[in-house]
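Take a look at the letters that make up each chain.
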Amino acid sequence: MNSLPLLSLIIFVPWLGAVLLALMPRATPQVARGLALAFSLSTLALALTAWAGFNPTAGGYQLVEQHRWISVLNVSYHLGLDGMSLLLVLLTGLVAPACLLASWKIEKEPRFFCLLFLFLQGAALGVFLALDFFPWFIFWELSLVPAFFLIKLWGGPGASRAAYQFVVYTIGGSAFMLLAFAAIFAETKTFDFVDLAALAHTTRLGGGAATWVFLGVLLDWR
């Protein structure tokens with residue numbers, strides 16, 4: 001555990017920027033873009049801090065944060081960083097500001113665009129860092145909301161149709177994945193990825209359940 005919740009800061013600082021933009025309805029496009037870029041760059045700064053303290057020779061997850069959340073479902077707010085998630089966070093820290101710069105001259109509702117972009121950035125980072133299916137699933141679903149509006153409002157010709165198809169496919173697939181993890185929980189009584197990885201070496205899902213779980217997850221990532 002760490003006294004500084006670095007991973008939580010990586011996720012929620014972009015959301016803080018989105019909240020600030022929501023509270024500034026009269027912000028000029030220049031101010032909105034500048035704030036969005038600053039908060040987006042926070043991911044890179046915090047990711048570099050995490051990288052500086054990351055030990056590539058150590059096994060397992062590092063900078064772990066875990067707090068009990070919903071006891072009846074054995075759900076916890078569990079974040080952790082390994083080599084793969086560190087790479088994804090660093091890439092987000094580079095790509096997200098670059099995307100904002102590439103869209104710098106957008107004239108249609110620039111404040112709303114920046115707000116949605118920061119919200120999407122924070123949700124995506126939550127997906128990369130969550131180690132419990134319950135918060136992971138919340139971050140995943142939350143990422144769909146700003147993505148829908150970004151596609152629909154700024155996607156160009158055919159954007160509206162593409163946005164609705166995006167939502168139908170992703171939410172439909174998520175329903176199958178949710179059922180798959182419900183089956184895993186019924187068998188193992190945990191949603192925690194670390195615990196599930198440990199149980200995978202000693203426990204097998206019976207009655208063909210493993211096949212249905214695999215298909216449920218596959219349908220979401222098709």
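Criteria and cut-off values
- Residues numbered from 1 in each chain as written.
- Predicted model: local features only at pLDDT ≥ 70, side-chain atom pairs only at ≥ 80, totals over all residues.
- Heavy atoms only, no water.
- Helix = DSSP H or I, 4+ residues; strand = E, 2+ residues; numbered from the N terminus.
- Rg over C-alpha atoms; globule rule 2.2 N^0.38 Å.
- Buried < 20%, exposed > 50% of the residue type's maximum accessible area, 1.4 Å probe, protein only.
- Contact = heavy atoms within 4.5 Å.
- Areas by Shrake-Rupley, 256 points an atom, 1.4 Å probe, with all protein chains shown as cover.
- Lys, Arg positive; Asp, Glu negative; His and termini not counted.
- Charge placed at Lys NZ, Arg CZ, Asp CG, Glu CD.
- Pairing = 2+ DSSP bridges.
- Axes fitted to C-alpha atoms, helices over the stretch in contact; angles between N-to-C directions.
- Parallel < 35°, antiparallel > 145°, perpendicular 65-115°, else oblique.
- Nonpolar A, V, L, I, M, F, W, Y, C, P; charged D, E, K, R; others polar.
- Polar contact = N/O pair within 3.5 Å; in protein donor to acceptor, adjacent residues only side chain to side chain.
- Core = buried A, V, L, I, M, F, W, Y, C linked by side-chain atoms within 4.5 Å.
- Expected span 1.5 Å × (residues − 1).
- Phe/Tyr/Trp six-rings, centres within 6.5 Å; stacked < 30°, edge-to-face > 60°.

Asker: What exactly am I supposed to notice about the overall build of the protein chain here?
Answerer: When helices and strands are counted, the protein chain shows 8 helices and 2 strands. Reading the protein chain from its N terminus to its C terminus gives the helix and strand order α-α-β-β-α-α-α-α-α-α. Here the protein chain has a C-alpha radius of gyration of 19 Å; the compact-globule value for 222 residues is 17 Å, and the two agree. With the C-alpha coordinates aligned to their principal axes, the bounding extent of the protein chain is approximately 60 × 45 × 30 Å. Within the protein chain, the proportion of its 222 residues that are buried is 42%. Within the protein chain, counting contacts between residues at least 6 apart in sequence, those at least 24 apart form 72% of the total. By element, 71% of the accessible surface of the protein chain is carried by carbon and sulfur atoms, the whole surface being about 11,900 Å². For the protein chain, the distance from the average site of its 11 positive side-chain charges to the average site of its 10 negative ones is 13 Å.

Asker: Would you mind going over the pairing of strand β1 (residues 62-70) with me for this structure?
Answerer: Where a strand is regular, its side chains alternate between the two sheet faces. Of the strand pairs in this sheet, β1 and strand β2 (residues 75-81) are connected by 6 bridges, and their pairing is antiparallel. Its bridge partner being in β2, Ile70 is matched across the sheet by Val75.

Asker: Sorry if this is basic, but what is going on with the packing of helix α1 (residues 6-22) against helix α2 (residues 29-52) here?
Answerer: The packing of two helices is summarised by the inter-axis angle and the distance between the axes. Running from amino to carboxyl end, α1 crosses α2 at an angle of 175°, the nearest separation of the two axes being 9 Å. The angle between α1 and α2 falls in the class roughly antiparallel. Contact residues: Leu6, Leu9, Ile10, Val13, Pro14, Leu16, Gly17, Leu20 and Leu21 in α1; Ala32, Leu35, Ala36, Phe39, Ser42, Thr43, Leu46, Ala47, Thr49 and Ala50 in α2. Looking at the contact of α1 with α2 residue by residue, the class counts come to 15 nonpolar, 4 polar and no charged.

Asker: What am I meant to see in the side chain of Ser76 here?
Answerer: Following the sequence through the fold, Ser76 ends up in strand β2. Only 3.3 Å separates the side chain of Ser76 from the side chain of Gln66, close enough to count as a polar contact. Ignoring anything within four residues of it in the chain, the contact list for Ser76 reads Gln66, His67, Arg68, Trp69, Asp132, Pro135 and Asp192.

Asker: Explain the nonpolar core to me, please; I cannot follow it from the model alone.
Answerer: Across soluble globular proteins, nonpolar side chains show a tendency to be buried alongside one another. If you look at the biggest cluster of nonpolar residues, it comprises 48 residues, and the most contacted ones within it are Leu129 and Trp136. Broken down by element, the residue count for this core peaks at 10 residues, all from helix α4 (residues 110-129).

Asker: Any chance you could explain unusual backbone geometry here in plain terms?
Answerer: A negative phi angle characterises most non-glycine residues, just as the trans form characterises most peptide bonds. Phi at Leu63 is positive, roughly 55°, even though this residue is not glycine. Position of Leu63 among the secondary structure elements: in strand β1.

Asker: How should I be thinking about helix α3 (residues 83-102) in this particular structure?
Answerer: For the α-helix, the turn length of 3.6 residues means that residues three or four positions removed from each other point alike. With 20 residues, α3 should cover 28 Å at 1.5 Å per step; its first-to-last C-alpha distance of 28 Å lies within 8% of that length. Residues of α3 that are buried: Ser85, Leu86, Val89, Leu90, Thr92, Gly93, Ala96, Pro97 and Leu100. Lining the buried residues of α3 we find α1, α2, β2 and α4.

Asker: Which parts of the structure should I look at to understand the packing of aromatic side chains?
Answerer: Two descriptors summarise a pair of aromatic rings, namely the distance from one centre to the other and the angle between the planes of the rings. As enumerated under the stated definition, the model contains 16 aromatic pairs in all. Measuring from centroid to centroid gives 6.0 Å for Phe133 and Trp136, while their planes differ by 25°, and the two rings are stacked. Here Phe133 pairs with Trp136, and both are found in helix α5 (residues 133-154), just 3 residues apart, close to one helical turn. On the basis of relative accessible area, Phe133 is assigned to the buried category, the value being 2%. Residue classification places Trp136 among the buried residues on the basis of a relative accessible area of 10%. Their ring planes at 40° and their centres at 5.4 Å tell us that Phe133 and Phe137 sit as a pair that is tilted. Residue Phe133 and its partner Phe137 are both found in helix α5; the two are separated by 4 residues, about one turn of the helix. By way of ring pairs, the aromatic residues Phe133, Trp136, Phe137, Trp140, Phe181, Phe185, Phe191 and Phe193 are connected into one cluster.

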